[in-house]
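Read off the chains here:
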There are 2 protein chains.
Amino acid sequence: MIDVTAKPGHAPVFVTVDLVILTVRQDVLQVLLIERGNEPYLGFPALPGGHVRDGETLDQAALRELGEETGVDGRSLHLEQLRAYSDPGRDPRGRVITVAYLALGPGLPHPTAGTDATAARWVPVADVFDGPVPLAFDHAGILRDALERARSQLEHTTVAAAFCAEPFTVGDLRHIYEVVWGMPLDPSNFRRKVTNADSFLVPTGERRHPETGRPAALYRRGAARLLLPPLLRSGDVTRPGPVVVTPH
Amino acid sequence: MIDVTAKPGHAPVFVTVDLVILTVRQDVLQVLLIERGNEPYLGFPALPGGHVRDGETLDQAALRELGEETGVDGRSLHLEQLRAYSDPGRDPRGRVITVAYLALGPGLPHPTAGTDATAARWVPVADVFDGPVPLAFDHAGILRDALERARSQLEHTTVAAAFCAEPFTVGDLRHIYEVVWGMPLDPSNFRRKVTNADSFLVPTGERRHPETGRPAALYRRGAARLLLPPLLRSGDVTRPGPVVVTPH
DNA sequence: CCGGTTTGAGTCAAGGTGACCTTTAGGGCT
DNA sequence: AGCCCTAAAGGTCACCTTGACTCAAACCGG
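Here the structure is a predicted model, which means the values were calculated and not measured. Along each chain, numbering runs from 1 in the same order as the chain's sequence is written. Following the order in which they are written, the chains are lettered starting with A and the ligands numbered starting with 1. Per-residue local features of the predicted model are confined to residues with pLDDT of at least 70, and side-chain atom pairs are confined, for both listing and counting, to 80 or more; whole-chain, interface and lining totals are unaffected and use all residues. Side-chain numbers come from the whole structure's heavy atoms, not from hydrogens or water.

**Concerning the protein's contact with DNA strand C**
Proximity is defined per residue: any heavy atom of the residue falling within 4 Å of a molecule or strand makes that residue near it. Inspection of the region around DNA strand C gives 23 residues, with S188(A), R214(A), A217(A), R192(B) and K193(B) positioned closest. For DNA strand C, the fraction of protein-proximal atoms (within 4 Å) that sit in sugar or phosphate groups is 55%. Contacts to DNA strand C include T212(A), whose side-chain N or O atom sits 3.3 Å from a sugar or linking oxygen. Pairing of N or O atoms within 3.5 Å defines a polar contact, subject to two protein rules: one partner must be a possible hydrogen donor and the other a possible acceptor, and residues neighboring in sequence count only if both atoms are side-chain atoms. Take E211(B): an N or O atom from its main chain is 3.4 Å from a sugar or linking oxygen of DNA strand C. We count a stretch as a helix when DSSP gives it H or I for four or more residues in a row; a strand needs E for two or more, and each element gets its number in order from the N terminus. Counting only elements with at least two residues in the surface near DNA strand C, the list comes to α4 (170-181), α5 (187-196) and β9 (216-221) of chain A together with α5 (187-196) of chain B. For the surface near DNA strand C, the element with the highest residue contribution is α5(B), accounting for 4 residues. Partitioning the surface near DNA strand C into residue classes produces 6 nonpolar, 8 polar and 9 charged. Asp, Glu, Lys and Arg are counted as charged, while Ala, Val, Leu, Ile, Met, Phe, Trp, Tyr, Cys and Pro are counted as nonpolar; the rest, among them Gly, fall into the polar class.

Below you can see the structure in the form of structure tokens.
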């Protein structure tokens, strides 16, 4: 083991994981937030997260925190590393670097406020930025990055299906895209694209009978992770570029 | 400040940055490797990198290491965070989490072996995986991820121009794509795509006269960071999907 | 049985792509 | 000069995808 006091200027730091857990509920994109029970930012909303333990990978820590804070086990949702945030002043207690994770899941139950957690709740992402109370730490920036990542992933990958509880219909899937991108899509063209894509949707043979309208075929998630050809947002959207280091 | 001895199970960790610095030299994609001068992995090739210092962001640490190990200042190349690697056993000395960065630059000079560096040199990436001596730590996996990221970025962004010293020709740019993707591209169709893309290339009005062939128009990098429409690798390539956390 | 609603299939024009060809602008050689 | 070689630059054409749109199918409620 390294002597933690040996190298001045290379002091050890604390590493945490923070989770941006997104779901679509009631036609709105929502994020799971907790209310902080300790200083700093006592009482402020924040992303769930916590310290990485000894002998644990970041992925494992993210999965553990996911279960502790929401009661959801990671098997049922999509989890992916976003990036690390390292501003020296981002935590007033000292040097804390955090690795953010993006989690996408189907309409999850109301979170069972976990062990150390104060109230955890779903909040529409629109309310987070408009709301009167800002997020703790640099979590607003993390959430912003996570949203853009999610929107971008919908174009090139099949993760949108992670938002849908199986089995689901093409309409369910389209609804995810419309809510996450914030724009209506042509139902017919959307169907053509996702059903032509290889191994994206596998039909179950069953049908779902809604209260109104023609019954819809049901599908499960296919093996494909990449969506070819990509399903691009119509060209008139202004998309932020990739995150790049700009010196000075 | 946090008392580093306070929380058992939440021990502080060391955080490093590792750099995957890619360039195209002599028609081959090359990566900058150092030879380790300390245990563990003494004498093994490794990615350049080092500890994050107090009061420094990860981006700043990456830029600093870039200069220290290669003598290149970050202003002249593209630098971007890749992801964090956190396997508890990845460093035998103890708990070291590393954040990998991807750096792309034009045919750089032979690295001026930096302060603490033992010999730093350019190595064709093909030789790294085929070669008899494996990379230190988990650097082979990091390099693999970086390569896939670079190849993918060429499709959707304008970073390929970061490989070219300004001013450059359309042929120079195409050469980058061919080397990084490892496949020939149709010169005519390639030109059509990149010249049609908005703000990708800005003509200087000058021409370059090669030893043989018609002189080519010279360009500089435009303001665009995203490449619309994307320049996709032909469909017959098998592309690895995004990195996802798969529990258990 | 009729109107409403959503699914699912089809049509068509516009634009992008891949394969291919031709012309242009040099250098080098006889 | 004239000819060949090379690479750039521009053009053609068939094919495919996309976006906008229309229309039939299948259910429900009254």
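Right, picking up where we left off after that structure.
**Quick notes on the packing of α4(A) against α5(A)**
All names here are of chain A. Whenever a helix is involved, its axis is fitted only over the stretch in contact; in every case the axis is a line through C-alpha atoms, and angles between N-to-C directions fall within 0 to 180 degrees. Remark: α4 packs on α5, axes separated minimally by 10 Å, with the N-to-C direction vectors making an angle of 105°. Overall, the two elements α4 and α5 adopt an arrangement that is roughly perpendicular. Contacts from V170, L173, R174 and Y177 in α4 reach P187, F190, R191 and V194 in α5. Among the residues forming the contact of α4 with α5, the class breakdown is 6 nonpolar, no polar and 2 charged. Oblique is the label for any angle not covered by the other classes, which are roughly parallel (under 35 degrees), roughly antiparallel (over 145) and roughly perpendicular (65 to 115). Any pair of residues with heavy atoms lying within 4.5 Å of one another is described as a contacting pair.

**Concerning the relation of the copies chain A and chain B**
The transformation that overlays chain A on chain B combines an axial shift of 0.0 Å with a rotation of 180°, and the residual RMSD is 0.0 Å. Seen this way, the second copy is the image of the first under a two-fold rotation axis. Comparing interface residues between copies, 100% of those in chain A also lie at the interface in chain B; the contact surface is shared. Each copy is superposed on the other by least squares, with the fit set by C-alpha atoms of residues at a pLDDT of at least 70 in both.

**Here's the deal with the interface of chain A and chain B**
Listed as interface residues are 55 residues of chain A and, on the opposing side, 56 residues of chain B. For any pair of parts, buried area is found by adding up, for both, the accessible area (1.4 Å probe) each one loses once the two are put together. Between chain A and chain B, roughly 4800 Å² of surface is buried when both sides are summed, and carbon and sulfur atoms account for 67% of that area. Between Lys or Arg on one side and Asp or Glu on the other, a salt bridge is scored when a side-chain nitrogen of the former is within 4 Å of a carboxyl oxygen of the latter. The interface formed by chain A and chain B holds 0 salt bridges in total. Taken together, chain A and chain B are joined by 11 residue pairs in polar contact (both at pLDDT 80 or more). Those elements that provide at least two residues to the side of chain A that touches chain B are β1 (14-25), α1 (58-70), β5 (78-85) and β6 (96-104) of chain A. Of all the elements, β5(A) adds the most residues to the side of chain A that touches chain B, at 6 residues.

**Here we look at the side chain of E80(B)**
For E80(B), the location among the structural elements is in strand β5 (residues 78-85). Polar contacts involving the side chain of E80(B) include one to the side chain of H78(B), which spans 2.8 Å. Not counting the four nearest positions on each side in its chain, E80(B) is found in contact with V243(A), V245(A), Y101(B), L102(B), R149(B) and Q153(B).

**As for the domain arrangement of chain A**
Residue and element names in this part refer to chain A. Its domain assignment divides chain A into domain 1 (3-155) and domain 2 (159-248). These domain limits were set by an automatic method or by a database of domain assignments. On a C-alpha basis, the centroid separation for the pair domain 1 and domain 2 is 25 Å. In this complex, domain 1 contributes 18 residues to the contact, which on the side of domain 2 involves 20 residues. Note on domain 1 versus domain 2: buried area summed over both sides is about 1700 Å², and carbon and sulfur give 65% of it. Linking domain 1 to domain 2 there are 2 salt bridges. Among the salt bridges present, the one from R233 reaches E155, with a minimum N-O distance of 3.2 Å. Here domain 1 is connected to domain 2 by 6 residue pairs in polar contact (both at pLDDT 80 or more). Taken together, the elements giving at least two residues each to the side of domain 1 that touches domain 2 come down to β1, β2 (28-35), β5 and α3 (139-156). Of all the elements, α3 adds the most residues to the side of domain 1 that touches domain 2, at 6 residues. Looking at the side of domain 1 that touches domain 2, its residues break down into 7 nonpolar, 6 polar and 5 charged.

**Quick word on the packing of aromatic side chains**
The relation between two aromatic rings is expressed through the spacing of the ring centres and the mutual angle of the planes. Two aromatic rings, drawn from Phe, Tyr or Trp (for Trp, its six-membered ring), form a pair once their centres lie within 6.5 Å of each other, and the interplanar angle then sorts them: stacked below 30 degrees, edge-to-face above 60, tilted otherwise. Applying the stated criterion across every chain yields a total of 8 aromatic pairs over all chains. Measuring from centroid to centroid gives 5.3 Å for Y177(A) and F190(A), while their planes differ by 65°, and the two rings are edge-to-face. One end of the pair, Y177(A), is in helix α4; the other, F190(A), is in helix α5, and 13 residues separate them in sequence. Categorising residues by exposure relies on relative accessible area from a 1.4 Å probe, with only protein chains included: less than 20% of the type maximum marks a residue as buried, more than 50% marks it as exposed, and the intermediate range marks it as partly exposed. Owing to a relative accessible area of 3%, F190(A) belongs among the buried residues under this scheme. Taken together, Y41(A), F44(A) and F137(A) form an aromatic cluster joined through their ring pairs. Taking the ring centre of Y85(B) as reference, the NZ or CZ of R83(B) above it sits at 4.6 Å. Two thresholds decide whether a charge sits over a ring: the Lys NZ or Arg CZ must be within 6 Å of the ring centre and within 35 degrees of the ring normal.

**Topic: the protein's contact with DNA strand D**
Taken together, 23 residues lie around DNA strand D, and R192(A), K193(A), S188(B), R191(B) and A217(B) are the ones closest in. The contact atoms of DNA strand D, taken as those within 4 Å of the protein, divide so that sugar and phosphate hold 54%. The separation between a base nitrogen of DNA strand D and a polar side-chain atom of N189(A) is 2.9 Å. Elements supplying a minimum of two residues to the surface near DNA strand D: α5 of chain A together with α4 (170-181), α5 and β9 (216-221) of chain B. Of the residues that constitute the surface near DNA strand D, the class distribution is 6 nonpolar, 8 polar and 9 charged.

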